[in-house]
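Each chain, written out:
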Amino acid sequence: MKKLITPNDIVLDIGAGSGLLSMLAAKAGAKHVYSIEASNAFATIAKKIIDTNGLGKQITIIKDMSTHVTVKDNKKRKRNKKGRNRKQGRTIPQKATVLVAELLGTLLNGESTLRYYQDARQRLLTKNAKIIPASGAQYAVLINSDMLHKITSSKSYHGLDLRYFNTFRDSVSLLFTKHYGVCMNTLNYKEMTEHITVYEADLYKDGPEVQPMNERGRIYTVTALEDGSVQAIVFFWTVWMDKEKQYKISTNPKDTIGNLPRNMNWGQAVQLVEDPAGWTHPEPKILHLRKGQKVDVKIISDGVSLRARVVRVYPQMSAKEPEEKKAEATATQVSTQPEATATQPEEKSQSRKARKSVDLTPTPSTNTIQNDINKLDIDDSSVKPSGAEPMTSESSQS
Ligand SMILES: C[S@@+](CC[C@H](N)C(=O)[O-])C[C@H]1O[C@@H](n2cnc3c(N)ncnc32)[C@H](O)[C@@H]1O
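Parameters and conventions
Residues numbered from 1 in each chain as written. Predicted model: local features only at pLDDT ≥ 70, side-chain atom pairs only at ≥ 80, totals over all residues. Pairing = 2+ DSSP bridges. Helix = DSSP H or I, 4+ residues; strand = E, 2+ residues; numbered from the N terminus. Axes fitted to C-alpha atoms, helices over the stretch in contact; angles between N-to-C directions. Contact = placed C-beta atoms within 7 Å. Buried ≥ 20, exposed ≤ 12 C-beta atoms within 10 Å, placed from the backbone. Near = placed C-beta within 6 Å. Core = buried A, V, L, I, M, F, W, Y, C linked by C-beta atoms within 7 Å. Domains from an automatic or database assignment. pLDDT = per-residue confidence, 0-100.

## Some details on the sheet that holds strand 2 (residues 32-37)
Here five strands make up an open sheet; going across it, the order is 3-2-1-6-7 and the pairing parallel. Both edges of this open sheet fall to strand 3 (59-63) and strand 7 (125-132), since each of them pairs with a single strand only. With strand direction ignored, the average angle separating the axes of adjacent strands in the sheet is 25°. Note that strand 2 and strand 3 share five bridges and pair parallel. Counterpart to V33 in the pairing with strand 3 is I59. Along the sheet face, helix 2 (residues 40-52) touches strand 2 and strand 3 and points at about 170° away from the line of strand 3.

In structure tokens form, the structure reads like this:
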């Protein structure tokens, strides 16, 4: 703000919250700050804090959604001789020359930043207004984590085989680490692929359309960096405050080590991943990758949230591989073609439910259960039979 705000600037803060950004803008020398806040409670509190800090004259709090606020139309006011500002709703007296806002969620667009910035640019800002933050990028990466595997899968307890419980392993829902009091960077994980740039947004011009909103989503092909299993996909973002990308904030777990406020305010989003070859089976199949092997990850946005699924695993070829292995790999590829497995996560969840009702309703014989358990392809090499930690519903489900 110190870099961009000048004494002639009229600043618009969308989502005043505590009023902090508005006060910083005022202190950076803005001529006036209009601070819009949709929540009555926050607007009242922000006003109190702003007055306490002696900045009440420089900052005006407007209680409303930014999308309802308009720029005062002076011509209309002149025509209305009774002085009624009919149907104008809440207004600001002129367009702002700077927009500053913190409307970021666990996902970059989790609080509809892209839509609110787009709307403000179109109606509430001057043509050359300065915008803070200036840009952002939503990233994702496939990870391996023994700890995550342990808390999201079942193996055994006191010699009792519980692996069939993995039927409930949820690879459809996107979870926010902060809701579970978990910091990704304490989970001891390894990045298994390069980062996926889900989308980039230039906040001077882009809107929600930069997200993978097409109903088929967007396919991202990534390469395994080493041999290993994949447990999840982790979403994090970076925003750059200025066009020159001198100042940034990142929620990459590696950038939030020891930063508990950032982890608990934004944190990361995590979705469990499975091998598409097991997609239609009731029990999930763990995805194993070899270094250099490629996978297609499909990511879909509903406009605010994101969902991901590995839809294709490319065969891993090496010069030494026997012909039969190649044939086997080709068969896997065919069975995991995106078209062949184009089931959406919801459909998949239903299909799994349907399978469950078929497979689980009759009381199966011990042999049937044992056969089913034998079929489970869970990489449990990291799960030591401890017997010391009772499984709770939390540790057996995501
Ligand atoms: C993450 S907080 C912002 C924190 C704030 N910048 C601060 O320094 O305390 C988001 C706030 O924006 C408000 N908000 C979100 N979208 C809004 C919109 N379009 N118009 C007005 N307020 C909005 C929410 O009610 C919430 O108080």
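Following the structure, the description resumes.
## Here's the deal with the sheet that holds strand 20 (residues 294-301)
What the three strands build is an open sheet, ordered 14-20-21; its pairing is antiparallel. Two strands close off the open sheet at either side, each with one partner strand: strand 14 (218-223) and strand 21 (306-313). Within the sheet, the average angular offset between the axes of one strand and its neighbour, ignoring direction, is 30°. In terms of strand pairing, strand 20 meets strand 21 through seven bridges, oriented antiparallel. For V295, the partnering residue across the bridge sits in strand 21 and is V313.

## Some thoughts on the environment of V234
Following the sequence through the fold, V234 ends up in strand 16 (residues 232-240). For V234, a count of 26 C-beta atoms within 10 Å gives the class buried. Residues V234 and L142, spaced 92 residues apart in sequence, show a C-alpha to C-alpha distance of 6.5 Å. Once residues lying within four places of it in the same chain are set aside, the contact partners of V234 are A140, V141, I143, M184, Q268 and V270.

## Observations concerning the site of the ligand
Near the ligand there are 18 residues, and of these G15, G17, S18, L20 and A38 occur at the shortest range. Going through the elements one at a time, helix 1 (20-27) and strand 2 are the ones with two or more residues in the shell around the ligand.

## Overview of helix 1
It helps to recall that an α-helix has 3.6 residues per turn; residues three or four apart then point in one direction. What helix 1 keeps buried is the set L21, S22, M23, A25 and A26. Those residues of helix 1 that are buried are in contact with strand 1 (10-14), strand 2, helix 2, strand 3 and strand 6 (96-101).

## Topic: the nonpolar core
By size, the foremost hydrophobic cluster in this structure holds 81 residues, and its most contacted members are L99, A140 and V234. The element contributing the most residues to this core is strand 16, with eight residues. Here this core spans two domains, since at least three of its residues come from each of domain 1 (10-132) and domain 2 (136-382). Contacts of A140, omitting those with residues within four sequence positions, involve I196, V198, I233, V234, F235, I299 and A308.

## Focus: the confidence of the model for the chain
Here the chain shows a mean pLDDT of 82. Residues at 70 or above account for 76%. Of the regions scoring below 50 in pLDDT, residues 324-351 engages in 37 contacts with residues more than four places distant in sequence or in other chains. Segment residues 353-398 is flagged for pLDDT under 50; beyond a separation of four residues in sequence, or across chains, it makes 48 contacts in the model.

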